[in-house]
Amino acid sequence: MDEPASSLMEDFKTKMGIFDALDTLMRNMPFDKITVTQICSEAHISRATFYRYFTDKFAIPQWHLNFAYSKGANEIGRTLPWREGYYITETIVAERSEFYSNVAKSDDYNAIDNYAPRLR
């Protein structure tokens, strides 16, 4: 049985709240120095809520990148022509270019610079 649309929307809002909290924290400190506890505090959620949606802090930018791909690039040849699918993906990522620039500085295996090529 499918989840009600309102539940899916609440999940999305929670994930975006966590994403925004990480984005806010990165304005004052590097991604590698930020802890899950700090993200939870900034997002006003419990650690249990955080771990319901993400396995670790590296999963946050990965989720957002997957979201961008699902709206654009993954739809090329299905529901979108190449140019439109590419444009949608790049627009979603470009709207958060400072965020991606900050997380790209991490050298961890799960960092976005290592994850994005594997996604493609």
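Residues numbered from 1 in each chain as written. Predicted model: local features only at pLDDT ≥ 70, side-chain atom pairs only at ≥ 80, totals over all residues. Heavy atoms only, no water.

Caption draft 1: Quick look at the overall build of the protein chain. The number of helices and strands found in the protein chain is seven helices and zero strands. Ordering the α and β elements of the protein chain from the N terminus gives α-α-α-α-α-α-α. Here the C-alpha atoms of the protein chain give a radius of gyration of 15 Å, agreeing with the 14 Å that 2.2 N^0.38 yields for 120 residues. Principal-axis analysis of the C-alpha atoms gives the protein chain an extent of 40 × 40 × 20 Å. Within the protein chain, the proportion of its 120 residues that are buried is 38%. Taking the intrachain contacts of the protein chain between residues at least 6 apart in sequence as the baseline, contacts between residues at least 24 apart amount to 55%. When the accessible surface of the protein chain is totalled, it reaches about 7,500 Å², and 52% of it is carbon and sulfur. The averaged location of the 17 negative side-chain charges in the protein chain is 2 Å from the averaged location of its 14 positive side-chain charges. (Helix = DSSP H or I, 4+ residues; strand = E, 2+ residues; numbered from the N terminus. Rg over C-alpha atoms; globule rule 2.2 N^0.38 Å. Buried < 20%, exposed > 50% of the residue type's maximum accessible area, 1.4 Å probe, protein only. Contact = heavy atoms within 4.5 Å. Areas by Shrake-Rupley, 256 points an atom, 1.4 Å probe, with all protein chains shown as cover. Lys, Arg positive; Asp, Glu negative; His and termini not counted. Charge placed at Lys NZ, Arg CZ, Asp CG, Glu CD.)

Caption draft 2: The nonpolar core, seen in detail. By size, the foremost hydrophobic cluster in this structure holds 29 residues, and its most contacted members are Ile 18, Leu 22, Ile 39, Phe 50, Phe 54 and Ile 60. Beyond its immediate stretch of four places on either side in the chain, Ile 60 contacts Ile 18, Phe 19, Leu 22, Ile 39, Phe 50 and Phe 54. (Core = buried A, V, L, I, M, F, W, Y, C linked by side-chain atoms within 4.5 Å.)

Caption draft 3: Here's a closer look at the packing of aromatic side chains. Counted by the stated rule, this structure contains ten aromatic pairs. Here the aromatic rings of Phe 19 and Phe 99 are separated by 4.3 Å at their centres, their planes lie at 40 degrees, and the arrangement is tilted. In this pair, Phe 19 is assigned in helix α1 (residues 5-25) and Phe 99 in helix α6 (residues 97-103), connecting sequence segments 80 residues apart. Here Phe 19 matches Phe 99 in class, with each residue buried. With a centroid separation of 5.9 Å and 45 degrees between ring planes, the pair formed by Phe 50 and Phe 54 is classed as tilted. Classification of Phe 54 by relative accessible area gives buried; the value is 3%. (Phe/Tyr/Trp six-rings, centres within 6.5 Å; stacked < 30°, edge-to-face > 60°.)

Caption draft 4: Up close: the environment of Asn 74. Mapped onto the elements, Asn 74 comes out in the loop between α4 (59-71) and α5 (82-94). As for Asn 74 and Phe 54, which are separated by 20 residues in sequence, their C-alpha atoms are 22 Å apart.

Caption draft 5: Representation of α1. Here α1 spans 30 Å end to end across 21 residues, near enough to the 30 Å set by a 1.5 Å rise per residue. If you check which residues of α1 are buried, you get Met 16, Ile 18, Phe 19, Ala 21, Leu 22, Asp 23 and Leu 25. Packed against the buried residues of α1 are α2 (36-43), α3 (47-53), α4 and α6. (Expected span 1.5 Å × (residues − 1).)

Caption draft 6: Broad picture of α5. Look at α5: 18 Å from first C-alpha to last across 13 residues, which is about the 18 Å you get at 1.5 Å a residue. Within the sequence span of α5, burial applies to Gly 85, Thr 89, Ile 92 and Val 93. All buried residues of α5 project into a common sector of 100 degrees when viewed along the axis, lining one side. Across from the buried face of α5, at angles greater than 90 degrees, the exposed residues are Arg 83 and Tyr 87. (Arc of directions from axis to C-beta.)

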